[in-house]
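# Structural features, examined
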Amino acid sequence: MKNKSITYIRYPLILISIALCISGIRWLISPEPWMLDQVANEERLQMTFVDLFLLDGNSTLSVYLTQIYRFLGLYVLGIGSLLLSFTPNKFLEIESVRQRFLIVLGILLVSNLVLAYVWIPSSHFIYVMWGAIGLYCFSLYNHLKSH
């Protein structure tokens, strides 16, 4: 029964970690990574990117945005990889490791969702975050049930 419980905790965490890795890679390889969430970003800016780039003094803004999003992509990929490295059974069978993993991941997911609703409420990434929180809750439920 213990292995089945760890499996129900582990696989949702793996899916969340893979989703983070894929998101990070998308920001790293996209030629215009700010366009991955164009609608929400333009809503936040209250202008289109075309208009923004046409303003005097903004000729190098796209290079700067690319740099910022590359760092974001690198960190999201790094966090996803780090989380993925702690999903093997040997780590998750250690209750204190599993508990800390779930606490940190829960804080990360909820705080990102709150920030998304505050800053970019029309972002399609909010749906991805809700999916991750659903998977997280499934893992958390099975963690609590295993006690």
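Going by the structure above, here's the rest.
Just so it is clear, the structure is predicted and the values come from calculations on it, not from any experiment. (Residues numbered from 1 in each chain as written. Predicted model: local features only at pLDDT ≥ 70, side-chain atom pairs only at ≥ 80, totals over all residues. Heavy atoms only, no water.)

### Topic: the overall build of the protein
Looking only at helices and strands, the protein features 7 helices and 0 strands. Starting at the N terminus and ending at the C terminus, the protein contains elements arranged as α-α-α-α-α-α-α. Dimensions of the protein, computed from C-alpha atoms along their principal axes, come out at roughly 65 × 25 × 20 Å. Taking all 147 residues of the protein together, the buried fraction comes to 35%. Sequence-distant contacts in the protein: of pairs separated by 6 or more residues, those separated by 24 or more amount to 73%. The average position of the 10 basic charges and that of the 8 acidic charges among the side chains of the protein differ by 23 Å. (Helix = DSSP H or I, 4+ residues; strand = E, 2+ residues; numbered from the N terminus. Buried < 20%, exposed > 50% of the residue type's maximum accessible area, 1.4 Å probe, protein only. Contact = heavy atoms within 4.5 Å. Lys, Arg positive; Asp, Glu negative; His and termini not counted. Charge placed at Lys NZ, Arg CZ, Asp CG, Glu CD.)

### A look at unusual backbone geometry
Its identity is not glycine, yet Gln46 carries a phi of approximately 60 degrees, on the positive side. Following the sequence through the fold, Gln46 ends up in the loop between helix H2 (38–45) and helix H3 (49–54). Looking at Gln46, the relative accessible area reads 72%, which means it is exposed.

### Observations concerning the packing of helix H1 (residues 2–29) against helix H7 (residues 125–145)
It is the contact of H1 with H7, at a shortest axis distance of 7 Å, that shows an interaxial angle of 160 degrees. Judged by the angle between their axes, H1 and H7 are roughly antiparallel. Classified by chirality, the crossing of H7 by H1 is left-handed. In contact with Ser5, Tyr8, Ile9, Pro12, Leu13, Leu15, Ile16, Arg26 and Trp27 of H1, H7 contributes Phe125, Ala132, Leu135, Tyr136, Phe138, Ser139, Asn142 and His143. The class makeup of the residues in the contact of H1 with H7 is 12 nonpolar, 4 polar and 1 charged. (Axes fitted to C-alpha atoms, helices over the stretch in contact; angles between N-to-C directions. Parallel < 35°, antiparallel > 145°, perpendicular 65-115°, else oblique. Left-handed = near helix turned anticlockwise from the far one by under 90°. Nonpolar A, V, L, I, M, F, W, Y, C, P; charged D, E, K, R; others polar.)

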